[in-house]
Amino acid sequence: MRLTHEQFRELAEKHGLAVTHQRQVVYEAVIASHGHHSPEGIYAAVRRHIPSISLATVYNNLRLFIECGLLREVTPHSTTLRVDGNLKPHHHLVCSRCKSVQDIEIEEDFIDFNRLSRQLPDGFDLTQPLIEVFGLCRRCSAKK
């Protein structure tokens, strides 16, 4: 997905962000990638358009986009940052061996989040119900 400069400007301003060319290219690299990419992967894509950009700039912008809700962090308990441009409700399959992440669509009633909310410790606010299912992907299963 490619945003016009005006579309990105509106999106950034809506979220209180300064509009820069670097931010637009970083954001578009995530949105166009349809996956769950590391900052290093996004950096490689962005460098094709902006050779002088630093990895730190990519990291900083990804973190900023996550903080303001333009992107979602995948597997926040993992040692490696992964970002997801798909903000629609969905869940993930995570390979325990290679750490690949895939989207899965689960029926809304798969888990009763209202019931789950009632079973949480006092003061815990369920803000983003997300299920991560761990196992082995097809490629890693074939290597057994």
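In what follows, the structure referred to is the one given above.
Each value, and the rule that gives it
- Sequence order as written defines residue numbering, which begins from 1 separately in each chain.
- Given that the model is predicted, a residue must reach a pLDDT of at least 70 before its local features are reported, and side-chain atom pairs must reach 80 or more before they are shown or counted; all residues, however, enter totals for whole chains, interfaces and linings.
- Where side-chain values are given, they derive from all heavy atoms of the structure, hydrogens and water being excluded.
- For helices the rule is a DSSP run of H or I covering at least 4 residues; for strands it is a run of E covering at least 2, with both sets numbered from the N terminus onward.
- The buried label applies to any residue whose accessible area, calculated with a 1.4 Å probe on protein chains only, is under 20% of its type's maximum; exposed applies above 50%, and partly exposed to all values in between.
- Should any heavy atoms of two residues lie within 4.5 Å, those residues are counted as being in contact.
- Exposure was quantified through the Shrake-Rupley algorithm and a 1.4 Å probe, taking into account, for residues, occlusion by the shown protein chains and nothing else.
- Under the counting rule used here, the positive set is Lys and Arg, the negative set is Asp and Glu, and His together with the chain ends is not counted.
- Where a charge lies is defined by one atom per residue type: Lys uses NZ, Arg uses CZ, Asp uses CG and Glu uses CD.
- Each pair of aromatic rings taken from Phe, Tyr and Trp, with Trp reduced to its six-membered ring, is defined by centres within 6.5 Å and is described as stacked if the planes are under 30 degrees apart, edge-to-face if over 60, and tilted in the remaining cases.
- Pairing between strands is defined by DSSP: at least two bridges between them are needed.
- Each axis is a line fitted through C-alpha atoms, and for a helix only the stretch in contact is used; angles between axes span 0 to 180 degrees, taken between their N-to-C directions.
- Should an angle fall under 35 degrees it is called roughly parallel, over 145 degrees roughly antiparallel, and 65 to 115 degrees roughly perpendicular, with every other angle called oblique.
- The sense of a crossing depends on the near helix, which, turned anticlockwise from the far helix by less than a right angle, makes the crossing left-handed and, turned clockwise, makes it right-handed.
- Basically, the charged four are Asp, Glu, Lys and Arg, the nonpolar ten are Ala, Val, Leu, Ile, Met, Phe, Trp, Tyr, Cys and Pro, and anything else, Gly included, counts as polar.

## Some remarks on the overall build of the chain
Here comes step 1: Helix and strand content of the chain: six helices and six strands.
Here comes step 2: Its helices and strands taken in sequence order, the chain reads α-α-β-α-α-β-β-β-β-α-β-α from the N to the C terminus.
Here comes step 3: Taken across its 144 residues, the chain has 32% of its residues classed as buried.
Here comes step 4: A sequence separation of at least 24 residues applies to 48% of the contacts in the chain between residues at least 6 apart.
Here comes step 5: Per element, the accessible surface of the chain, about 9500 Å² overall, is 51% carbon and sulfur.
Here comes step 6: Distance from the positive charge centre (18 side chains) to the negative charge centre (17 side chains) of the chain: 11 Å.

## Some points on the packing of aromatic side chains
Here comes step 1: Counted according to the given criterion, the structure contains two aromatic pairs.
Here comes step 2: Ring geometry for F8 versus Y27: centroids 6.0 Å apart, planes at 45 degrees, classification tilted. Note that F8 is positioned in helix α1 (residues 5–14) and Y27 in helix α2 (residues 21–33), a separation of 19 residues in sequence. No difference in accessibility class separates F8 from Y27, as the two residues are buried.
Here comes step 3: Look at Y27 and you get buried, because its relative accessible area is 7%.
Here comes step 4: Three or more aromatic residues joined by ring pairs form one cluster here, namely F8, Y27 and F65.

## Comments concerning the sheet that holds strand β5 (residues 101–104)
Strand pairing in a sheet takes place through backbone hydrogen bonds and is either antiparallel or parallel in direction.
Here comes step 1: One open sheet holds the three strands; their spatial order is β5-β4-β6, and the pairing between them is mixed. The outermost strands of the open sheet, each flanked by one partner alone, are β5 and β6 (132–135). For this sheet, the mean inter-axis angle between neighbouring strands, taken without regard to orientation, is 25 degrees.
Here comes step 2: Summarising the sheet, strand β4 (residues 91–95) and β5 pair through four bridges and their orientation is antiparallel. Among the inter-strand pairings, H91 is bridged to a residue of β5, identified as I104.

## Some words on the packing of α2 against helix α3 (residues 39–47)
Here comes step 1: At their nearest, the axes of α2 and α3 sit 9 Å apart, and the two run at 115 degrees to each other. When the interaxial angle is binned, α2 and α3 end up roughly perpendicular. Where α2 crosses over α3, the handedness of that crossing is right-handed. Across from V25, V26, A29, V30 and S33 in α2, the residues of α3 making contact are I42, A45 and V46.
Here comes step 2: Here the residues of the contact of α2 with α3 sort into seven nonpolar, one polar and no charged.

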